[in-house]
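Residues per chain, in single letters:
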Amino acid sequence: MDCRHVQFCVHEGALQGNCPAEIDLDQLRALFEAAAFWARDRRLEDWAVAIANSKPVVTVWDNGRLIGFARATSDGIYRATIWDVVVHPDYQGAGLGRKLVETVLMHPHVNRVERVYLMTTHQQKFYERIGFEENTTTTMVLHNQPVSQNGLPLTAEVSQ
């Protein structure tokens, strides 16, 4: 597959060349419905929050069609985590996923950290080829139940 026309975009709130200033959330949902069983039920408003709290966010475009996505969170020095790496099935196997992950790893907010984490269900071999190693020492997870924020004040008053 010839992917020379495919464009990678790093989103940081500003227009990047010919890239959209904002990610089309409807296209993002369609991409994840096509390629990511683990994220099919996510709501658009939740995606907006996740994207706003991630740096970098990298997208891949074929003309105006969103065909790839990845994001990371990081403290910029000690730890970073890569999230939601996905390439549309029609484009898999062309090296776009590798370039997508490498673009995240090269970002200044990620490239100096001591450790970069990610979670994957079935793609361990793919990430091993990029340089990730299996880590059996940090396997704990808390399945947190979000608490409704409706009706709560934005700030708490402290009485003395």
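Located above this text is the structure these notes cover.
Just so it is clear, the model here is predicted, and its values are computed rather than measured.

**Q** Sorry, what's going on with the layout of surface pockets here?
**A** Over the atoms a probe the size of a water molecule is rolled, and this reveals where empty space is left. Volume-wise, the largest pocket comes out at about 1,600 Å³. In terms of lining residues, the largest pocket is bounded by 44 residues, among which Leu118, Met119, Thr120, Thr121 and Tyr127 are the most central. For the lining of the largest pocket, the secondary structure elements donating two or more residues are strand S4 (79-87), helix H3 (96-106), strand S5 (115-118) and helix H4 (124-130). In terms of residues, the lining of the largest pocket owes the most to one element, S4, which gives 7 residues.

**Q** Honestly, the packing of helix H1 (residues 25-35) against helix H2 (residues 44-52) in this entry has me stumped. Any pointers?
**A** Any two packed helices are characterised by how steeply their axes cross, that is the angle between the axes, and by the distance between the axes. Following both chains from N to C, one finds H1 and H2 inclined at 100 degrees, their axes separated by 10 Å at the closest point. Looking at the two axes, H1 sits roughly perpendicular to H2. On H2, the residues that touch Leu25, Asp26, Leu28, Arg29 and Phe32 of H1 are Leu44, Trp47, Ala48 and Ile51. Residue composition of the contact of H1 with H2, grouped by class: 7 nonpolar, no polar and 2 charged.

**Q** I keep staring at the sheet that holds strand S2 (residues 57-62) and nothing clicks. Help me out?
**A** Strand pairs in the sheet, formed through backbone hydrogen bonds, run parallel or antiparallel to each other. Overall, mixed pairing links the 5 strands, which are arranged S1-S2-S3-S4-S5 in an open sheet. The open sheet has two edge strands with one neighbour each: strand S1 (7-11) and S5. On average, adjacent strands in this sheet sit at an angle of 20 degrees to one another, irrespective of strand direction. Two elements, S1 and S2, share 5 bridges in a ladder whose sense is antiparallel. Looking at S2, one finds that Cys9 is bridged to Thr59. Against the sheet, H1 touches S2, strand S3 (65-74) and S4, its axis set at about 90 degrees to S3.

**Q** Can you help me understand the pattern of salt bridges in this one?
**A** Where charged atoms from two side chains of opposite charge come close, those side chains can pair. For the coordinates displayed, the defined rule picks out 9 salt bridges. Here Arg65 and Asp90 are joined by a salt bridge, their closest N and O atoms 3.7 Å apart. Residue Arg65 is found in strand S3, and its partner Asp90 is found in the loop between S4 and H3; the two are separated by 25 residues along the sequence. Among the residues examined, Arg65 registers a relative accessible area of 34% and is labelled partly exposed. Ionic pairing is found between Arg98 and Glu102, a salt bridge with its closest N-O pair at 3.0 Å. Of the two residues, Arg98 and Glu102 are both situated in helix H3; the distance of 4 residues between them amounts to about one turn of the helix. Residue classification places Glu102 among the partly exposed residues on the basis of a relative accessible area of 30%. Members of the salt-bridge network, linked through shared partners, are Arg42, Arg71 and Asp84.

Conventions and cut-offs
Residues numbered from 1 in each chain as written. Predicted model: local features only at pLDDT ≥ 70, side-chain atom pairs only at ≥ 80, totals over all residues. Heavy atoms only, no water. 1 Å grid on protein atoms, 1.4 Å probe; cavity = no way out; pocket = protein on both sides within 12 Å on 5 of 7 lines; lining within 4 Å. Points joined across faces, edges and corners; volume = space filled by probe spheres on them. Helix = DSSP H or I, 4+ residues; strand = E, 2+ residues; numbered from the N terminus. Axes fitted to C-alpha atoms, helices over the stretch in contact; angles between N-to-C directions. Parallel < 35°, antiparallel > 145°, perpendicular 65-115°, else oblique. Contact = heavy atoms within 4.5 Å. Nonpolar A, V, L, I, M, F, W, Y, C, P; charged D, E, K, R; others polar. Pairing = 2+ DSSP bridges. Salt bridge = Lys/Arg side-chain N within 4 Å of Asp/Glu carboxyl O. Buried < 20%, exposed > 50% of the residue type's maximum accessible area, 1.4 Å probe, protein only.

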